[in-house]
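# Architecture and fold: a report
If you want the building blocks of each chain, they are given just below.
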Amino acid sequence: FGSSACGICVVFPRQPLSDNPAGVETMQREHLEVVAQLLQLAGDGQDEDVWGPRFKEHLGRAMKKHGERLRGAESGTPLQGCKRAAEVVRARLELHEVVSERLEERVSRLDADLAEAMAALRATSEPLV
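First, a word on what this report is: a plain description of the structure on this page. All values reported here derive from a predicted model rather than from experimental measurement.

## Re the pattern of salt bridges
Applying the stated criterion across every chain yields a total of twelve salt bridges. A salt bridge links Arg-90 to Glu-87; the nearest nitrogen and oxygen atoms lie 2.8 Å apart. Separated by three residues within a single helix, Arg-90 and Glu-87 lie in helix H4 (residues 81-108), roughly one turn from each other. Taking the relative accessible area as the measure of exposure, Arg-90 reaches 7% and is therefore buried.

Here you go:
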């Protein structure tokens, strides 16, 4: 891939760098499946009726934001190259937020201090997503 101005292309070499959005969509679909599996692992079988809709809502918001950013809704110019790759990474991190929330809620029943520490750690990544 060579060098890049932003460094993202070097750090995430599997990321498609072409302007072909199909490669990006494939990665997203696969990642969505992984996030859904992580959400299941994070649960303990309780509150499935709460977390299913919560996941769908989070997913909808995250993907809408991701699509708008890829199309360049703010700048008027669609993202390309390293900026597009960086946006995909940002969206993937945002998708993990719902898994973190579920883990925090589950841990809070066992150890409130640990849940607080987990929430504080998640808050540090907020500027990234």
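## Some points on the packing of aromatic side chains
Taken as a whole and judged by the stated rule, the model has zero aromatic pairs. Above the plane of the ring of Trp-51 lies Arg-54, whose end atom (NZ or CZ) is 4.2 Å from the centre.

## Structural notes on the packing of H4 against helix H5 (residues 112-124)
Their axes nearest at 8 Å, the elements H4 and H5 cross at an angle of 165 degrees. Classed by the angle they form, the pair H4 and H5 counts as roughly antiparallel. For the crossing formed where H4 meets H5, the hand is left-handed. Contacts between H4 and H5 involve Glu-97, Ser-100, Glu-101, Leu-103, Glu-104, Val-107 and Ser-108 from the first element and Ala-112, Leu-114, Ala-115, Met-118, Ala-119 and Arg-122 from the second.

## Focus on H4
Along its 28 residues, H4 runs 41 Å from first to last C-alpha, staying within 8% of the 40 Å computed at 1.5 Å per residue. Maximal helix bending in H4 amounts to about 25 degrees, located at Val-98.

## Overview of the nonpolar core
Counting residues in each nonpolar core, the largest one holds nine residues, listed as Val-35, Leu-39, Ala-42, Trp-51, Phe-55, Ala-62, Leu-95, Val-98 and Val-99. Listing elements by their share of this core, those giving two or more residues are helix H2 (21-42), helix H3 (48-71) and H4. Among all residues touching Val-35, those that are not within four sequence positions of it are Phe-55, Leu-95, His-96 and Val-99.

Parameters and conventions
- Residues numbered from 1 in each chain as written.
- Predicted model: local features only at pLDDT ≥ 70, side-chain atom pairs only at ≥ 80, totals over all residues.
- Heavy atoms only, no water.
- Salt bridge = Lys/Arg side-chain N within 4 Å of Asp/Glu carboxyl O.
- Helix = DSSP H or I, 4+ residues; strand = E, 2+ residues; numbered from the N terminus.
- Buried < 20%, exposed > 50% of the residue type's maximum accessible area, 1.4 Å probe, protein only.
- Phe/Tyr/Trp six-rings, centres within 6.5 Å; stacked < 30°, edge-to-face > 60°.
- Lys NZ or Arg CZ within 6 Å of the ring centre and 35° of its normal.
- Axes fitted to C-alpha atoms, helices over the stretch in contact; angles between N-to-C directions.
- Parallel < 35°, antiparallel > 145°, perpendicular 65-115°, else oblique.
- Left-handed = near helix turned anticlockwise from the far one by under 90°.
- Contact = heavy atoms within 4.5 Å.
- Expected span 1.5 Å × (residues − 1).
- Bend = angle between axes of the 7 residues up to and from the residue.
- Core = buried A, V, L, I, M, F, W, Y, C linked by side-chain atoms within 4.5 Å.

So yeah, pure geometry; function would need other evidence.
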